[in-house]
Amino acid sequence: MKRKADFPFLLILVLSGVYLCSWRIQSHLLLHFDVSWLTHAAQQLVAGGNYINNFLETNPPLILYLYTPLVFLKQFLGVSVIAGTRLYIFTLATVSLVLCSRLLTAIFAKKDHFVRHFLLFILALNFLIFPLNELGQRENLTVIFIFPYLLLLSLRLQGKDTPKILVSCLIGLMAGIGFCIKPYFLLPLGLLELYFLYQSKHLLALFKPELLSVAAFICFYLIVIGLLHQDYIHQIIPLVAKFYYQRHQKDFPALLSSEESVFNYFVILLYLLRRQHRFYPNLCNILLIATQGFWLVYLGQRMGWYYHALPFQSLALTLATLLFLQTAAQKTFSHWDWLLTSALALSFMAYYYFKIPYLNLSVHASPIAYYLLFFMIVFPLFYIHASYQLRWKLAFALILLFSLNFRVYHYLILTAFYPYLFIMTASLMVFTAALLMPAATSRDKARSILLSVLGLTLFGLPAYRMTYLYHSGCSYKTLYTHLIEDMKKFTGQKVIYLSNASEMTFPNIDYSGQLYSSRFWSLIWLPAMKHWDEPQTYPAYFHDNQAALRFYINALICDFQKNEPQYVFVDKRSPGYYYAAAPDYIQLFSLNPDFKRLWTKYHYRETLENHPLYKLDVYQREG
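Bear in mind the structure is a predicted one, so any value in this text is a computation, not a measurement. (Residues numbered from 1 in each chain as written. Predicted model: local features only at pLDDT ≥ 70, side-chain atom pairs only at ≥ 80, totals over all residues. Heavy atoms only, no water.)

Engineer: Just to check I follow, could you spell out the overall build of the chain for this structure?
Structural biologist: The number of helices and strands found in the chain is 27 helices and five strands. The C-alpha radius of gyration computed for the chain amounts to 27 Å, which stays within 12% of the reference 25 Å derived for 623 residues, consistent with globular compactness. Here the C-alpha coordinates of the chain stretch approximately 85 × 70 × 45 Å along the principal axes. In the chain, which comprises 623 residues, the proportion classed as buried is 56%. In the chain, of all internal contacts separated by at least 6 residues, the share reaching a separation of at least 24 is 78%. On the chain, roughly 26,400 Å² of surface is accessible, and the fraction owed to carbon and sulfur atoms is 65%. Separation between the mean location of the 49 positive side-chain charges and that of the 31 negative ones in the chain comes to 12 Å. (Helix = DSSP H or I, 4+ residues; strand = E, 2+ residues; numbered from the N terminus. Rg over C-alpha atoms; globule rule 2.2 N^0.38 Å. Buried < 20%, exposed > 50% of the residue type's maximum accessible area, 1.4 Å probe, protein only. Contact = heavy atoms within 4.5 Å. Areas by Shrake-Rupley, 256 points an atom, 1.4 Å probe, with all protein chains shown as cover. Lys, Arg positive; Asp, Glu negative; His and termini not counted. Charge placed at Lys NZ, Arg CZ, Asp CG, Glu CD.)

Engineer: Help me understand helix H1 (residues 9-27), please; the structure alone is not making it clear to me.
Structural biologist: Side chains that are three or four residues apart share a direction in an α-helix, a result of its 3.6 residues per turn. Its 19 residues give H1 an end-to-end C-alpha distance of 27 Å, which sits within 8% of 27 Å, the value for a rise of 1.5 Å per residue. Within H1, burial applies to Leu-11, Leu-15, Val-18, Tyr-19, Ser-22, Ile-25 and Gln-26. Seen from one end, H1 has its buried residues packed into an arc of 130°, which puts them on one side. For H1, the exposed residues lying more than 90 degrees away from the buried face are Phe-9, Leu-20 and Arg-24. Residues of H1 that are buried sit in contact with helix H5 (81-107), helix H6 (113-129) and helix H22 (460-487). (Expected span 1.5 Å × (residues − 1). Arc of directions from axis to C-beta.)

Engineer: What should I look at first to understand the sheet that holds strand S5 (residues 614-621) in this one?
Structural biologist: Remark on secondary structure: sheet strands pair via backbone hydrogen bonds, oriented parallel or antiparallel. Strand order in this open sheet of five strands is S2-S1-S3-S5-S4, and the pairing throughout is mixed. Here the strands that pair on one side only, and so sit at the sheet edges, are strand S2 (515-516) and strand S4 (602-610). Inspection of the sheet shows S4 paired to S5 by eight bridges, in the antiparallel sense. Residue pairing for S5: His-603 is matched across the bridge by Gln-620. Lying over the sheet, H22 contacts strand S1 (494-498), strand S3 (567-571), S4 and S5, oriented at roughly 10° with respect to S5. In the packing of helix H25 (residues 546-563) onto the sheet, contacts are made with S1, S3 and S4, and the angle to S1 comes to roughly 165°. (Pairing = 2+ DSSP bridges. Axes fitted to C-alpha atoms, helices over the stretch in contact; angles between N-to-C directions.)

Engineer: Looking at this structure, how should I read the nonpolar core?
Structural biologist: Buried together is how nonpolar side chains tend to be arranged in soluble globular proteins. Of all hydrophobic cores here, the largest spans 217 residues; its most connected members are Leu-498 and Phe-589. Considering every element that reaches this core, the biggest residue donor is helix H15 (residues 306-329), with 15 residues. (Core = buried A, V, L, I, M, F, W, Y, C linked by side-chain atoms within 4.5 Å.)

Engineer: What exactly am I supposed to notice about the side chain of Thr-341 here?
Structural biologist: Checked against the element boundaries, Thr-341 lands in helix H16 (residues 335-355). The buried category is assigned to Thr-341, whose relative accessible area is 10%.

Engineer: Teacher, can you tell me more about unusual backbone geometry here?
Structural biologist: Trans peptide bonds make up most of the peptide bonds, and negative phi angles are found at most residues other than glycine. In the segment running from Phe-506 into Pro-507, the intervening peptide bond is cis, with an omega of 5°. Of note, Pro-507 is situated in the loop between S1 and helix H23 (508-512). Put simply, His-611 and Pro-612 share a cis peptide bond, and its omega is 10°. Locating Pro-612 in the fold gives a position in the loop between S4 and S5. One non-glycine residue, Leu-132, adopts positive backbone phi at about 55°. Assignment of secondary structure puts Leu-132 in the loop between H6 and helix H7 (138-158). The buried category is assigned to Leu-132, whose relative accessible area is 4%.

Engineer: Sorry if this is basic, but what is going on with the packing of helix H14 (residues 281-301) against H15 here?
Structural biologist: How two helices pack is summed up by the angle between their axes together with the distance between the axes. The N-to-C vectors of H14 and H15 enclose an angle of 155°; their axes lie 8 Å apart at closest approach. With respect to H15, the axis of H14 lies roughly antiparallel. Considering only the axes of H14 and H15, their crossing is left-handed. Between H14, through Leu-283, Cys-284, Leu-287, Leu-288, Ala-290, Thr-291, Phe-294, Trp-295, Tyr-298 and Gln-301, and H15, the contact on the second element is made entirely by His-308, Ala-309, Pro-311, Phe-312, Leu-315, Ala-316, Thr-318, Leu-319, Leu-322, Leu-323 and Gln-326. The residue makeup of the contact of H14 with H15, split by class, is 16 nonpolar, five polar and no charged. (Parallel < 35°, antiparallel > 145°, perpendicular 65-115°, else oblique. Left-handed = near helix turned anticlockwise from the far one by under 90°. Nonpolar A, V, L, I, M, F, W, Y, C, P; charged D, E, K, R; others polar.)

Engineer: Teacher, can you tell me more about a nonpolar patch on the surface here?
Structural biologist: A cluster of nonpolar side chains, contributed by Phe-9, Leu-10, Leu-13 and Val-14, occupies part of the molecular surface with about 400 Å² of accessible area. Relative to the elements of secondary structure, Val-14 occurs in helix H1. (Patch = residues over 30% accessible without salt bridge, like charges linked within 9 Å, V, L, I, M, F, W, Y side chains within 5 Å. Salt bridge = Lys/Arg side-chain N within 4 Å of Asp/Glu carboxyl O.)

Engineer: Is there a simple way to explain the side chain of Gln-26 in this structure?
Structural biologist: Within the secondary structure, Gln-26 sits in helix H1. In this structure Gln-26 comes out as buried when scored by relative accessible area, which is 6%. A polar side-chain atom of Gln-26 sits 2.7 Å from the main-chain carbonyl oxygen of Leu-132. (Polar contact = N/O pair within 3.5 Å; in protein donor to acceptor, adjacent residues only side chain to side chain.)

Engineer: I keep staring at the environment of Leu-211 and nothing clicks. Help me out?
Structural biologist: Structurally, the position occupied by Leu-211 is in helix H10 (residues 209-228). Leu-211 sits 345 residues away from Leu-556 along the chain, and the two C-alpha atoms are 44 Å apart. For Leu-211, the contacting residues outside a window of four places in its chain are Tyr-149, Glu-193 and Leu-206.

Engineer: What is the right way to read the packing of aromatic side chains from this model?
Structural biologist: To describe a pair of aromatic rings, one takes the distance between the centres and the angle between the planes. Going through the model one piece at a time under the given rule, you end up with 42 aromatic pairs. Where Phe-114 meets Phe-379, the ring centres are 6.5 Å apart and the plane angle is 55°; that geometry is what we call tilted. Remark: Phe-379 occurs in helix H18 (residues 367-385) and Phe-114 occurs in helix H6; sequence separation between them is 265 residues. The exposure class of Phe-114 is buried, given its relative accessible area of 8%. Given a relative accessible area of 17%, Phe-379 falls into the buried group. Here Tyr-265 and Trp-295 contribute two aromatic rings whose centre-to-centre distance is 5.8 Å and whose plane-to-plane angle is 90°, an arrangement assigned as edge-to-face. Of the two residues, Tyr-265 sits in helix H13 (residues 259-273) while Trp-295 sits in helix H14, which places them 30 residues apart along the sequence. One cation-aromatic arrangement involves Lys-201 over Tyr-198; the distance from NZ or CZ to the ring centre is 5.2 Å. In this structure, Arg-447 is placed above the aromatic ring of Phe-333, and the distance from its NZ or CZ to the ring centre is 5.1 Å. (Phe/Tyr/Trp six-rings, centres within 6.5 Å; stacked < 30°, edge-to-face > 60°. Lys NZ or Arg CZ within 6 Å of the ring centre and 35° of its normal.)

Engineer: How should the environment of Ala-309 be read in this particular structure?
Structural biologist: If you trace the backbone, Ala-309 turns up in helix H15. Here the alpha-carbon distance between Ala-309 and Val-297, two residues twelve residues apart in the chain, equals 8.9 Å.

Engineer: Can you walk me through the pairing of S1 in this structure?
Structural biologist: The two faces of the sheet receive side chains in turn, since in a regular strand these alternate between them. Of all the five residues making up S1, four are buried; the element is thus mostly covered by neighbouring parts of the structure. When S1 meets S2, the two strands line up parallel, connected through two bridges. Among the inter-strand pairings, Val-495 is bridged to a residue of S2, identified as Tyr-516. With four bridges connecting them, S1 and S3 associate as parallel partners. By the bridge assignment for S3, Leu-498 is matched with Val-570.

See the structure below:
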């Protein structure tokens, strides 16, 4: 691999903007409760704890080892988990981006430098912006770790010079970590290697440094689990299989019709329509196979949570960007190209019209985000049509055009045209931007209009979804701040939460500075209860689930006796609050005589409430 990655000033400036924007976004969002809890579990692991006696966690141990740097940052440098997570993910993303840049430089010809740079920008968005409040999640780490491996596979299929063995082994090690974070992620790896074997047509092709590194890591990881974490194999997995996944599984129709899945369908359709004009087909094929592999994982888990969709969404967005740029760079459009591109754009608009209020996107989305999306679509078209030259006068005119349109947008808000903001402002921007396009003929300008519409509809769905999640996350943080302020009265105190909502505890613990003293991240581990609001049914429930409840209550009693929490927060939410309402845990657990005797040491102090998030009875230990 002779060519070195180049970082022109504009690219460095744009990537720096992504980092700054990501940090700004994260300051408006909460640390995800999974990241908070898993860091707490990693802290217990570092201190010599294990799965059963110190923490009960559904995930295999690799993620706990990956979070140990956050523990060391907190213990030795005093960096909070919130800031430490951002610094840690930013560091990992930077390493991955540097490797991806070198590989993209080798994959793309010099004449396609703009496509290469734009893809690197999209990867930065995937790593740092796209996750939103899922930053640091397991799927976010997987995306960061595996992308260099995908690019290296594409490079090998192109038959070009590959990196040195040490670099290939590093990429393989990262991929091994990424694919092993969850056991399901080995499915996309298998599909990719089967495709590589099919294309290579020789079994020896599998003996490449990066795959050998992946295999070595998997073997090492299995040995570590077998030697150090047999409790996970023999006790956690049966508990998870019996109680955990059955609570959260969604029906397949809901998963197949989710906005993330629909975006995937449209990307597949664009891929098929571009089959005659795709350049860099190996890269397109690798991205497509990885996308569908992770989409199958998403369906297999049957949870439907946003972070479960992150891997295939990030891959689909990258593939969609590559296909869109290829379409824009196509010098001529045949009648068939005009027909297919128009049909695809119309199918997008039909879906948005019937499924979501897309025609009101500029009403529901932040105007800044809406105009940035449009700029990200128009600028590549502008640059490609200018024969890959940045004409500053026209660029300034384009920015001025957006500014004027932005003023028109705010003017229309106060008029009767408010419900039609999107269709009016989008049309205005598309047509006026097309006039500035340095195209030779009116046919070329018409093609710019069509591509602008296609881009706006293609990327509008993930942009709409992200904007919605961002605003929801900001609103939730505003509400959650009340809980944090209430809990700061107990900073530095040992506490236990008796709640079925993990959000009551995490990341509240990290923001309020309390000392969590239980092995349970929530009481959702308990067997499902049909009549939670009928205490007279508790004895029958207790009798029907004797073995499981005996284990859980004895574990909770052990936590009380070992850690002696000063305060206990008992969830008293009823229907009408966020999350599922909680049963009367004190009355339920008091059916166990040992817990009933232990509970006599605690007395009621006060009730903390802020509707619709929480209602907690506070109990204090005597003496």
